[in-house]
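# Summary of structural features
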Amino acid sequence: MKKQVLSLLFLASCMTVGAQNIQVHYDFGRNIYTGEEAGRQKVTITLEQFKADKWGSWFYFVDVDLSSHFTESAYTEIAREFNLGKQSPFAAHIEYDGGLSRSGSFQQAALLGAAYNGHSADFSKTWSVQLLYKQYFKSYENTHSYASAQLTGVWGLNFCNNKLRFAGFIDFWRGEKADRHGCLVILSEPQLWYNFTEHFSVGTEWEFSNNFVYNSDPESSKTFFWNPTLAVKWNF
């Protein structure tokens, strides 16, 4: 569930000045793509936090991927927004993406740009659109620094008297293949939750991606993947 991804902002779920949750996802991707994703994690633990203040907001998440025997990786995205006026929906956005894996690390990136944020009168519907300059850094062997751009959309919708919540994001950015040719990367992770209480939820996340997931099958040229999960969430 790398949001690389994320991929931001789950301010959609935040009707107060701050919110924090922890999620545990059981991932079915390796069962669907037994060759291409044979080494995919079984479980992902996600910690998210959003906090608003008089200047804007902070948001971060950490994904920890677990297999049967190892902690496979830990990936984080940390974002800060500065409001451009008290009543303006526009904000300046700055972000860091990166992390470590058992085999090395994720390629680090810094992002800078603008966001347009909005919500309905009762906060049951929220959205954010971000247009960002993205700078990748040389992070490990066989990587190099290069400039990119990212377009992100985030949404949240509460319905059925707040018993159900549909939320997620979609990212588009320029990536690079191993031969350094550019490619369009698409990543979306919609989530559907049933809220048993204000704290406890059960739901699912469906990761859709193209040119994002590492294909471990040398005989397969597949680039599009669908990885569903079954999940529980605790809202603090």
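Please read all numbers here as calculations on a predicted model, not as lab measurements.

### Structural notes on the nonpolar core
- Counting 9 residues, the largest nonpolar core is built from A109, Y136, Y146, V154, F169, W173, C183, V185 and L187.
- Taken together, the elements giving at least two residues each to this core come down to β9 (146–159), β10 (164–176) and β11 (182–188).
- Of the residues forming this core, the biggest block, 3 residues, is contributed by β11.

### Quick look at the pairing of β9
- Bridging between strand β8 (residues 125–136) and β9 involves 12 bridges; their strand directions are antiparallel. By the bridge assignment for β9, L132 is matched with Q150.
- For β9 and β10, the ladder comprises 10 bridges, and the chain directions are antiparallel. Among the inter-strand pairings, W155 is bridged to a residue of β10, identified as G168.
- Here β9 hands over to β10 after 4 residues, with C160 in that stretch at a positive phi of 55 degrees.

### Notes on the confidence of the model for the protein
- In this model, the protein carries an average pLDDT of 90, and 92% of its residues clear a pLDDT of 70 or more.
- Low pLDDT (under 50) marks residues 1–16, which in the prediction has 92 contacts with non-local residues, meaning those over four places away or in another chain.

### Here we look at the pattern of salt bridges
- Across all of its chains, the model carries 6 salt bridges by this definition.
- Note that R40 and D27 form a salt bridge whose closest N and O atoms lie 2.9 Å from each other. Of this pair, R40 sits in the loop between α1 (29–32) and β2 (43–52) while D27 sits in strand β1 (residues 18–27), placing them 13 residues apart in sequence.
- Judged by relative accessible area, D27 falls into the buried class, the value being 2%.

### Here we look at a nonpolar patch on the surface
- Nonpolar side chains collect at one region of the surface, where L84, F90, Y116, W127, V129, L131, L151, F172 and L184 lie side by side and expose about 850 Å² of accessible area between them.
- For the nonpolar patch, the element with the most residues is β8, which contributes 3 residues.
- Note on placement: L151 falls in strand β9.

### What to know about the environment of L230
- Note on placement: L230 falls in strand β14 (residues 224–235).
- Distance from L230 to V43, taken between C-alpha atoms, is 9.7 Å for residues 187 residues apart in sequence.
- Not counting residues up to four positions away in its chain, the partners in contact with L230 are V24, H25, Y26, F28 and G203.

### Details of unusual backbone geometry
- Unusually for a residue other than glycine, F123 sits at a positive phi of about 65 degrees.
- Here F123 falls in the partly exposed class, since its relative accessible area comes to 29%.
- Within the chain, N161 stands out as a residue other than glycine whose phi angle is a positive 55 degrees.
- Mapping N161 onto the fold places it in the loop between β9 and β10.
- With relative accessibility at 79%, the residue N161 sits in the exposed group.

About the cut-offs
Residues numbered from 1 in each chain as written. Predicted model: local features only at pLDDT ≥ 70, side-chain atom pairs only at ≥ 80, totals over all residues. Heavy atoms only, no water. Core = buried A, V, L, I, M, F, W, Y, C linked by side-chain atoms within 4.5 Å. Buried < 20%, exposed > 50% of the residue type's maximum accessible area, 1.4 Å probe, protein only. Helix = DSSP H or I, 4+ residues; strand = E, 2+ residues; numbered from the N terminus. Pairing = 2+ DSSP bridges. pLDDT = per-residue confidence, 0-100. Contact = heavy atoms within 4.5 Å. Salt bridge = Lys/Arg side-chain N within 4 Å of Asp/Glu carboxyl O. Patch = residues over 30% accessible without salt bridge, like charges linked within 9 Å, V, L, I, M, F, W, Y side chains within 5 Å. Areas by Shrake-Rupley, 256 points an atom, 1.4 Å probe, with all protein chains shown as cover.

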